[in-house]
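Here is what each chain is made of, one letter per residue.
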Amino acid sequence: MLANSNATANLAVKDLAKAKAFYEDVLGLTEVHNEGDELIVYKCGDTSINVYRSQFAGTNKATAVTWMVGDEIDTIVKALKSKGVVFEHYEMPGLKLEGDIHVGYGMKVAWFKDPDGNILNLVDR
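On a predicted model such as this, the values are computed, not experimentally measured, just so you know.

A. Up close: the packing of aromatic side chains. All told, the structure shown has four aromatic pairs when counted by the stated rule. An angle of 25° between the planes, with centres 6.0 Å apart, marks the rings of tyrosine 23 and tyrosine 42 as stacked. Of the two residues, tyrosine 23 is situated in helix α1 (residues 16-26) and tyrosine 42 in strand β3 (residues 39-44); the sequence distance between them amounts to 19 residues. Here the two residues tyrosine 23 and tyrosine 42 agree in accessibility, since each one is buried. Relative to phenylalanine 112, the ring of phenylalanine 87 has its centre 5.6 Å away and its plane inclined at 65°; by these criteria the two rings are edge-to-face. Of this pair, phenylalanine 87 sits in strand β6 (residues 87-88) while phenylalanine 112 sits in strand β9 (residues 107-113), placing them 25 residues apart in sequence. Each member of the aromatic cluster is reached from another via a ring pair, and the members are Phe22, Tyr23 and Tyr42.

Here it is, written out as structure tokens:
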């Protein structure tokens, strides 16, 4: 029923202006719509991300958004790190850490957080 429909991630933030600076200036996303001080919609490939103001920001302790970046993962990690992004390092069975990238099971993965603690990641698939 929904297999052929694009999905949109929703990210709760406390301070929309601070989130705007992160998603635009650090991640390089382009705003396609906004609802004033309540919501900004960003274009991501064929989909979008809704960043909205919420009192529940920062309560999700799981990965909220994954970008499939292919063989660009090393370049993107370096570029984000140069902009001040701090990458998360997790101990996970079957994955070893190479710099800021977790490698294993035939894939590379890197996790980082936005200013509100939303967990975001990059995968080389």
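B. Fine view of the side chain of asparagine 121. Looking at the element boundaries, asparagine 121 is found in strand β10 (residues 119-123). We classify asparagine 121 as buried; its relative accessible area is 5%. Asparagine 121 has contacts with Thr63, Val65, Thr66, Trp67, Val109, Ala110, Trp111 and Phe112, leaving out every residue within four places of it along the chain.

C. Representation of the sheet that holds strand β2 (residues 30-34) in the model. If you walk across this open sheet you meet the four strands as β1-β4-β3-β2, and the pairing is mixed. The sheet is open, and its two borders are formed by β1 (9-13) and β2, each paired with just one other strand. For this sheet, the mean angle separating the axes of adjacent strands, direction not counted, is 30°. Relative to strand β4 (residues 47-53), β1 runs parallel, the two sharing five bridges. Its bridge partner lying in β4, alanine 12 is registered against tyrosine 52. Those strands touched by α1 are β1, β2, β3 and β4, and its axis lies near 10° from that of β3.

D. Region of interest: the pairing of strand β8 (residues 101-104). Neither face of β8 is exposed, since Ile101 and Val103 on one face and His102 and Gly104 on the opposite face are all buried. As paired elements, strand β7 (residues 96-98) and β8 share three bridges and run antiparallel to each other. Residue lysine 96 lies in a different strand from β8, and its bridge partner there is valine 103. Where β7 folds back on β8, the antiparallel hairpin that results is connected by two residues, among which glycine 99 adopts a positive phi of roughly 70°. As paired elements, β8 and β9 share three bridges and run antiparallel to each other. The residue of β9 that forms the bridge with glycine 104 is methionine 107. Connecting the antiparallel pair β8 and β9 is a turn made up of two residues, with tyrosine 105 showing a positive phi of about 55°.

Calculation notes
Residues numbered from 1 in each chain as written. Predicted model: local features only at pLDDT ≥ 70, side-chain atom pairs only at ≥ 80, totals over all residues. Heavy atoms only, no water. Phe/Tyr/Trp six-rings, centres within 6.5 Å; stacked < 30°, edge-to-face > 60°. Helix = DSSP H or I, 4+ residues; strand = E, 2+ residues; numbered from the N terminus. Buried < 20%, exposed > 50% of the residue type's maximum accessible area, 1.4 Å probe, protein only. Contact = heavy atoms within 4.5 Å. Pairing = 2+ DSSP bridges. Axes fitted to C-alpha atoms, helices over the stretch in contact; angles between N-to-C directions.

Any functional reading would require information beyond the geometric quantities listed.
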